[in-house]
Amino acid sequence: MTQDLSRIRAFVQVYEAGGFSAAARQYGRSKALLSKYVTDLEDYLGVRLMNRTTRKLSLTEAGTAYYSEVSDILQQLDDLDATITDQTAEPRGLLRISAARNLGETTLAPAIFAFMQVHPEVSVDLRLEDRFVDLVDEGIDLALRISAMPDSSLIARKIGETRITVCAAPDLLKTLGTPKNVEALKTMPCIVDTNLQGQANWRFVENGQPVSVHVSGRIRVNSPLAAMEAAIKGLGFAAIPSYLADKQVADGKLVAVLTEHMPDPLALQAVYPHRRHLAGKVRALIDHLVAWFDENPVY
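Residue positions within a chain follow its written sequence, with the count starting from 1. Per-residue local features are limited, in this predicted model, to residues with pLDDT of at least 70; the limit for side-chain atom pairs, both in listing and counting, is 80 or more; totals at the level of whole chains, interfaces and linings are taken over all residues. Side-chain numbers here rest on the full set of heavy atoms in the structure, without hydrogens or water.

**Topic: a nonpolar patch on the surface**
1) Next: Residues qualify for a patch when their relative accessible area is over 30% and they have no salt bridge, like charges being joined within 9 Å and the nonpolar side chains of Val, Leu, Ile, Met, Phe, Trp and Tyr within 5 Å. Per-residue accessibility takes into account occlusion by the displayed protein chains alone, with areas from the Shrake-Rupley method and a 1.4 Å probe. Salt-bridge detection follows one rule: a side-chain nitrogen of Lys or Arg within 4 Å of a carboxyl oxygen of Asp or Glu. Together, Tyr44, Leu45 and Val47 give the surface a local cluster of nonpolar side chains, amounting to about 290 Å² of exposed area.
2) Next: Where helices and strands are cited, they refer to DSSP runs of H or I of at least four residues and of E of at least two residues respectively, numbered from the N terminus. Here Tyr44 is to be found in helix H3 (residues 31–45).
3) Next: The class for Tyr44 is exposed, based on a relative accessible area of 61%. Accessibility here uses a 1.4 Å probe with only protein chains present; expressed as a share of the type maximum, an area under 20% marks a residue as buried, one over 50% as exposed, and anything in between as partly exposed.

And the structure:
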């Protein structure tokens, strides 16, 4: 079996390198040995796989079909070897991580820094910005997102939950009264966070059915933290992620309203590009985040 794999690997290496001499230089093997392995493979299969000239090497029709299959098999074996090695090795190297700014600053950063304390060979490039990041184009290993997963080229693992809380300052409620139903928000000042899914169309549940209420007010911002500060100042109602709102509600600076009409919690997801082999450092971080948010839920 080992000899068969060596012959197959030699065939793939020679073709991908563009010739026997180039493959010998690239992989540190003798040209004569590579030639012997490819010839032995052709003799075993009973077909010619390569057309060889002094200037050019090309695959025969049989060689093209054989290469398309065995190159995938070799890649899968290499990925399996790397996976087993990663599972037993200490995580190391650079991790590029993306998250929304407020989520990263308030919730994610402590979890990541705790991971780094346990794994001193890991370094992190944490990018906190409120825009959609293309993981593949920008070389991101892992993104933390509170959203659906429309892109089939990405894989997501749920690491926790959060929810949206509609709240207002106690003094504003004394002045305007507490809204009795979701429709009442249409006539009340609201702070629109343009980063919120739906923006000015806030989502609720009434009689078991999802409903959307269009709100308006003097303030539009693109930051849940800024929306929360405006709400604390009594400038309107705000729809704020629970990882920001809960402490302010507990401290009495804000009051949650319409709680019985809020939709189900949203999933906090660890998102990564679709690859056959997931680097051990990424897998270790995801496992750490799942455990971290289980002990330190975002609400």
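**Looking at the sheet that holds strand S6 (residues 154–162)**
1) Next: A strand pair is defined by DSSP finding two or more bridges across the two strands. Sheet architecture is open: five strands sit in the order S4-S3-S5-S14-S6, paired in mixed fashion. Only two strands of the sheet have a single neighbouring strand rather than two, namely strand S4 (122–128) and S6. Taking the axes of each pair of neighbouring strands and ignoring which way they run, one obtains an average angle of 20° across the sheet.
2) Next: By the convention used here, residues are in contact when the closest approach between their heavy atoms is within 4.5 Å. For helices, the axis comes from a line fit to the C-alpha atoms of the stretch in contact; other axes are also lines fit to C-alpha atoms, and the angle between any two N-to-C directions lies between 0 and 180 degrees. This element, helix H9 (residues 280–295), spans strand S3 (93–99), strand S5 (142–145), S6 and strand S14 (266–273) of the sheet and lies at about 20° to S6.

**Some points on the pattern of salt bridges**
Side-chain pairs of opposite charge can arise whenever the charged atoms involved come near each other.
1) Next: The tally for this structure, following the rule as stated, stands at 11 salt bridges.
2) Next: A salt bridge links Arg52 to Glu42; the nearest nitrogen and oxygen atoms lie 3.0 Å apart. Placement of the pair is Arg52 in strand S1 (residues 50–52) and Glu42 in helix H3, with a sequence separation of 10 residues.
3) Next: For Arg52, a relative accessible area of 31% puts it in the partly exposed group.
4) Next: On the basis of relative accessibility, which here comes to 9%, the residue Glu42 falls in the buried class.
5) Next: With its nearest N and O atoms 3.0 Å apart, the salt bridge here joins Asp125 to Arg127.
6) Next: Classification of Asp125 as partly exposed rests on a relative accessible area of 27%.
7) Next: Classification of Arg127 as partly exposed rests on a relative accessible area of 24%.

**A few points about the confidence of the model for the protein chain**
When pLDDT is low, close inspection of the predicted coordinates is not appropriate.
1) Next: The quantity called pLDDT is the predictor's confidence in a given residue, expressed from 0 to 100. In the predicted model, the protein chain carries a mean pLDDT of 87, and the fraction of residues at 70 or more is 91%.
2) Next: Per-element averaging of pLDDT across the protein chain places helix H4 (residues 61–88) at the bottom with 78 and strand S13 (residues 255–256) at the top with 98.

**Structural notes on the pairing of S5**
1) Next: Here S5 shows no split at all, with Leu142 and Leu144 on one side and Ala143 and Arg145 on the other all buried.
2) Next: Strand direction decides the pairing type here: S5 and S14, joined by three bridges, are antiparallel. Each residue of the ladder has a partner; that of Ala143, found in S14, is Val271.

**Focus on the environment of Val136**
1) Next: Structurally, Val136 is set in the loop between S4 and S5.
2) Next: Distance from Val136 to Tyr272, taken between C-alpha atoms, is 8.9 Å for residues 136 residues apart in sequence.

**What to know about the environment of Leu80**
1) Next: When you line up the elements, Leu80 lands in helix H4.
2) Next: For the pair Leu80 and Ile8, spaced 72 residues apart in the sequence, the C-alpha separation amounts to 17 Å.

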